[in-house]
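# Structural characterization, general
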Amino acid sequence: DEVLSGEGPFTVFAPTDEAFEALPENVLTAIATDENLLTAVLTYHALGEKVLSSGLSNGQEITTVNGAKVKVTINGDGVFINDAKVTVADIIVDNGVVHVINAVLLPPPSSTTEYADEKSVKIFP
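Before going into details, it helps to say that this report is about the structure given with it.

## A short note on the environment of Asp17
Its place among the elements puts Asp17 in helix H1 (residues 17-21). Here the alpha-carbon distance between Asp17 and Asn102, two residues 85 residues apart in the chain, equals 8.7 Å.

Pasting the structure below:
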């Protein structure tokens, strides 16, 4: 909340409700009950800059607020952030832009080090 309530600009990849519902129950529970892990996941969905869809390119790697990178794939099936498809792009908000995605982005385990506790590491294989 502290990070994204700032002036920005920010880009947020916002998962749909269905994306959260599709998570395995143990992963959803871990995220919901571990504030540190929740912070790691939320900051993995945000960029510290405003990036419109026109600013994305195939193969691009972008560093998130979390510090880990997401990969952009653009092909005949659409635009993807890691494996999440962008379903609505370029929703302009006061402090940046929102792109709706159809999956929750789970940060790589190495990016949760500063947030991790015993519960956190259980969601990763």
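## A few points about a nonpolar patch on the surface
On the surface, Val88, Ile91 and Val93 cluster together to form a nonpolar patch covering roughly 200 Å² of accessible area. Relative to the elements of secondary structure, Val88 occurs in strand E6 (residues 84-93).

## Quick look at unusual backbone geometry
Among all residues save glycine, negative phi is the norm, and among peptide bonds the norm is trans. Phi at Asn82 takes a positive value of approximately 55°, unusual for a residue other than glycine. Position of Asn82 among the secondary structure elements: in the loop between strand E5 (78-81) and E6. We note that Asp90 has phi near 60°; this positive angle belongs to a residue other than glycine. If you trace the backbone, Asp90 turns up in strand E6.

## Description of the nonpolar core
Side chains that are nonpolar tend, in soluble globular proteins, to be buried together. If you look at the biggest cluster of nonpolar residues, it comprises 14 residues, and the most contacted ones within it are Phe13, Leu56, Ile62, Val70, Ile81, Ile101 and Leu105. The residues touching Ile62, leaving out its near neighbours within four places in the chain, are Leu47, Glu49, Leu56, Ala68, Lys69, Val70 and Val72. In terms of nonpolar packing, the next biggest core, distinct from the first, is built from eight residues, Ala19, Val27, Ala30 and Ile31 among them.

## Side note on the pairing of strand E1 (residues 10-15)
A regular strand places its side chains on the two faces of the sheet in alternate fashion. Inspection of the sheet shows E1 paired to strand E7 (residues 96-101) by six bridges, in the parallel sense. From the neighbouring strand, Thr11 faces E7, where its bridge partner is Val97.

## Some points on the environment of Ala19
For Ala19, the position within the fold is in helix H1. In this structure the C-alpha to C-alpha distance between Ala19 and Leu105, which are 86 residues apart in sequence, comes to 9.5 Å. With residues up to four places along the chain from it excluded, the contact list for Ala19 reads Asn102, Ala103 and Val104.

## Let's talk about the sheet that holds strand E4 (residues 69-75)
Taken in spatial order, the seven strands make up an open sheet running E2-E1-E7-E6-E5-E4-E3, and their pairing is mixed. The sheet is open, and its two edges are formed by strand E2 (46-47) and strand E3 (61-63), each paired on a single side. Note that E1 and E2 share two bridges and pair antiparallel. When the bridges of E2 are listed, Thr11 appears paired with Leu47.

Definitions and limits used
- Residues numbered from 1 in each chain as written.
- Predicted model: local features only at pLDDT ≥ 70, side-chain atom pairs only at ≥ 80, totals over all residues.
- Heavy atoms only, no water.
- Helix = DSSP H or I, 4+ residues; strand = E, 2+ residues; numbered from the N terminus.
- Patch = residues over 30% accessible without salt bridge, like charges linked within 9 Å, V, L, I, M, F, W, Y side chains within 5 Å.
- Areas by Shrake-Rupley, 256 points an atom, 1.4 Å probe, with all protein chains shown as cover.
- Salt bridge = Lys/Arg side-chain N within 4 Å of Asp/Glu carboxyl O.
- Core = buried A, V, L, I, M, F, W, Y, C linked by side-chain atoms within 4.5 Å.
- Buried < 20%, exposed > 50% of the residue type's maximum accessible area, 1.4 Å probe, protein only.
- Contact = heavy atoms within 4.5 Å.
- Pairing = 2+ DSSP bridges.

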